[in-house]
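Topology and contacts: notes
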Amino acid sequence: MKKSKENLIGRLIIVISIILTIIGYVFLPKDLIVQVTPSGEARYSLPKILALSIPFAISTLFSILYMQGEPKFRRKNLILSILGIVVFIFIFFANYGG
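These notes cover the structure that comes with them. (Residues numbered from 1 in each chain as written. Predicted model: local features only at pLDDT ≥ 70, side-chain atom pairs only at ≥ 80, totals over all residues. Heavy atoms only, no water.)

Details of the pattern of salt bridges
Tallying each qualifying case throughout the model produces one salt bridge. Residue Glu6 pairs with Arg74 through a salt bridge whose shortest N-O separation is 3.5 Å. Of this pair, Glu6 sits in helix α1 (residues 2-27) while Arg74 sits in helix α3 (residues 74-95); the two residues are 68 residues apart in sequence, bridging distant segments of the chain. (Salt bridge = Lys/Arg side-chain N within 4 Å of Asp/Glu carboxyl O. Helix = DSSP H or I, 4+ residues; strand = E, 2+ residues; numbered from the N terminus.)

Concerning helix α2 (residues 48-68)
In a regular helix each residue adds 1.5 Å, so 21 residues correspond to 30 Å; α2 covers 30 Å between its end C-alpha atoms and thus fits that length. Within α2, the full set of buried residues consists of Lys48, Ala51, Leu52, Pro55, Ser59, Thr60, Phe62, Ser63, Tyr66 and Met67. (Expected span 1.5 Å × (residues − 1). Buried < 20%, exposed > 50% of the residue type's maximum accessible area, 1.4 Å probe, protein only.)

Description of a nonpolar patch on the surface
Among the surface-exposed residues, Val15, Ile18, Ile19, Ile22, Ile23, Tyr25, Val26, Phe27, Ile49, Leu50 and Ile54 lie close enough to one another that they form a single nonpolar patch of about 1,100 Å² accessible area. Of all the secondary-structure elements, those providing two or more residues to the nonpolar patch are α1 and α2. Sorting elements by how many residues they give to the nonpolar patch places α1 first, with eight residues. Tracing the sequence through the fold places Tyr25 in helix α1. (Patch = residues over 30% accessible without salt bridge, like charges linked within 9 Å, V, L, I, M, F, W, Y side chains within 5 Å. Areas by Shrake-Rupley, 256 points an atom, 1.4 Å probe, with all protein chains shown as cover.)

Structural notes on the packing of α2 against α3
Contact geometry of α2 with α3 gives a least axis separation of 8 Å together with a crossing angle of 160 degrees. The angle between α2 and α3 falls in the class roughly antiparallel. In the crossing of α2 with α3, the sense of the turn from one axis to the other is left-handed. Facing Ala51, Leu52, Pro55, Phe56, Ile58, Ser59, Phe62, Ser63, Leu65, Tyr66 and Met67 of α2, the residues of α3 in contact are Arg74, Asn77, Leu78, Leu80, Ser81, Gly84, Ile85, Val87, Phe88 and Ile91. Residues that form the contact of α2 with α3 fall into these classes: 15 nonpolar, five polar and one charged. (Axes fitted to C-alpha atoms, helices over the stretch in contact; angles between N-to-C directions. Parallel < 35°, antiparallel > 145°, perpendicular 65-115°, else oblique. Left-handed = near helix turned anticlockwise from the far one by under 90°. Contact = heavy atoms within 4.5 Å. Nonpolar A, V, L, I, M, F, W, Y, C, P; charged D, E, K, R; others polar.)

What follows is the structure in structure tokens.
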């Protein structure tokens, strides 16, 4: 039962990551802001495909490790896979309407 719960959570994070990647590719501008200064100005940007690939890779990799990895590292892998989703959210807020 526990393994199926972990698989469900891991797959859900991967599906959310895929959906966010597609939405970002369709709606966000060509170059995406990935770092801002404390005053809110853009400091560093990347091409869209690269900027969206990074959080997608983080979420997917650590979700797979969460589902199939060693039990003592599962919690860390889950947190890191969720971090990929948080990076997506940052990218969307920093670039929406750009």
